Amino acid sequence: MVSINYGDYDLIKEAGFIENPYKMLEWSNSIKDFKFFIYFTVEGWRLDVCRFKGETKQVFVKSYDNLKDLMEKYYRLIELNSLQDAEGQE
């Protein structure tokens, strides 16, 4: 069951995501040559990751029932791709 909890918006902002002014419930964040997108859809919270090196390709797409699980995966992807030092840089 999909859940939205008090403070979810704060989790997204704390991670450096910027809300898309043209689409409701969509946020993005760029780190090095990766672009991360968070969407809230009827299926739940969705994390899309694209890599812009050479040709653009989508490297990860997964839906979650709650934002907490999605954010755990987001931070794990940053760790696995050694992006901690570049966080917040475009």
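Scroll up for the structure.
Residues numbered from 1 in each chain as written. Predicted model: local features only at pLDDT ≥ 70, side-chain atom pairs only at ≥ 80, totals over all residues. Heavy atoms only, no water.

**Comments concerning unusual backbone geometry**
Put simply, the rule is: A run of DSSP states H or I qualifies as a helix once it reaches four residues; a run of E qualifies as a strand once it reaches two. Both are numbered from the N-terminal end. Partly exposed residues are those whose accessible area sits between 20% and 50% of the maximum for their type, while under 20% is buried and over 50% is exposed, using a 1.4 Å probe and protein chains only.
Its identity as a non-glycine residue notwithstanding, Leu 25 has a phi of 60°, on the positive side. Tracing the backbone shows Leu 25 in the loop between β1 (18-19) and β2 (26-31). Overall, Leu 25 belongs to the partly exposed group, its relative accessible area being 38%. If you check the backbone angles, Lys 32 has positive phi at about 50° while not being a glycine. The class of Lys 32 is exposed, set by a relative accessible area of 52%.

**Remarks on helix α2 (residues 67-80)**
For the record, the criterion: Multiply 1.5 Å by the residue count of a helix minus one, and that product is the helix's expected span. Directions are taken from the helix axis to each C-beta atom, and the arc is the one they span. Whether two residues are in contact is decided by their heavy atoms, any of which lying within 4.5 Å being enough.
Compared with the 20 Å implied by 1.5 Å per residue over 14 residues, the 20 Å span of α2 between its first and last C-alpha is a close match. Residues of α2 that are buried: Leu 67, Leu 70, Met 71, Tyr 74, Leu 77 and Ile 78. Along the long axis of α2, the arc covered by the buried residues comes to 120°, so they all point the same way. Every exposed residue of α2 that faces more than 90 degrees away from the buried side is listed here: Lys 68 and Leu 80. Contacts from the buried residues of α2 go to α1 (8-14), β2, β3 (34-41), β4 (44-53) and β5 (55-64).

**Regarding the nonpolar core**
Definition in use: Residues belong to one nonpolar core when they are buried, are Ala, Val, Leu, Ile, Met, Phe, Trp, Tyr or Cys, and are joined through side-chain atoms within 4.5 Å.
By size, the foremost hydrophobic cluster in this structure holds 20 residues, and its most contacted members are Phe 17, Phe 36, Ile 38, Leu 47, Leu 70, Met 71 and Tyr 74. Elements represented by at least two residues in this core include exactly β2, β3, β4, β5 and α2. Top element by residues in this core is α2. It accounts for six residues. When residues no more than four places from it in sequence are discounted, the contact partners of Phe 36 are Phe 17, Trp 27, Ser 28, Asn 29, Ile 31, Asp 48, Val 49, Tyr 74, Leu 77, Ile 78 and Leu 83.

**Details of the packing of aromatic side chains**
For clarity, the cut-off: Here a pair means two rings of Phe, Tyr or Trp (six-membered ring of Trp) with centres within 6.5 Å. Their orientation is stacked below 30 degrees between planes, edge-to-face above 60, and tilted elsewhere. By the criterion adopted, a ring carries a charge over it if an Arg CZ or a Lys NZ lies within 6 Å of its centre and within 35 degrees of its normal.
Here the structure, examined in full by the defined rule, presents eight aromatic pairs. One aromatic cluster is present, built from ring pairs that chain together Phe 17, Phe 34, Phe 36, Tyr 74 and Tyr 75. A cation over an aromatic ring shows up here: Arg 46 above the ring of Tyr 39, its NZ or CZ 4.4 Å from the ring centre.

**A closer look at the sheet that holds β4**
Put simply, the test is: In this analysis, strands are considered paired if DSSP registers two or more bridges between them.
With respect to topology, five strands assemble into an open sheet ordered β1-β2-β3-β4-β5, the strand pairing being antiparallel. The open sheet has two edge strands with one neighbour each: β1 and β5.

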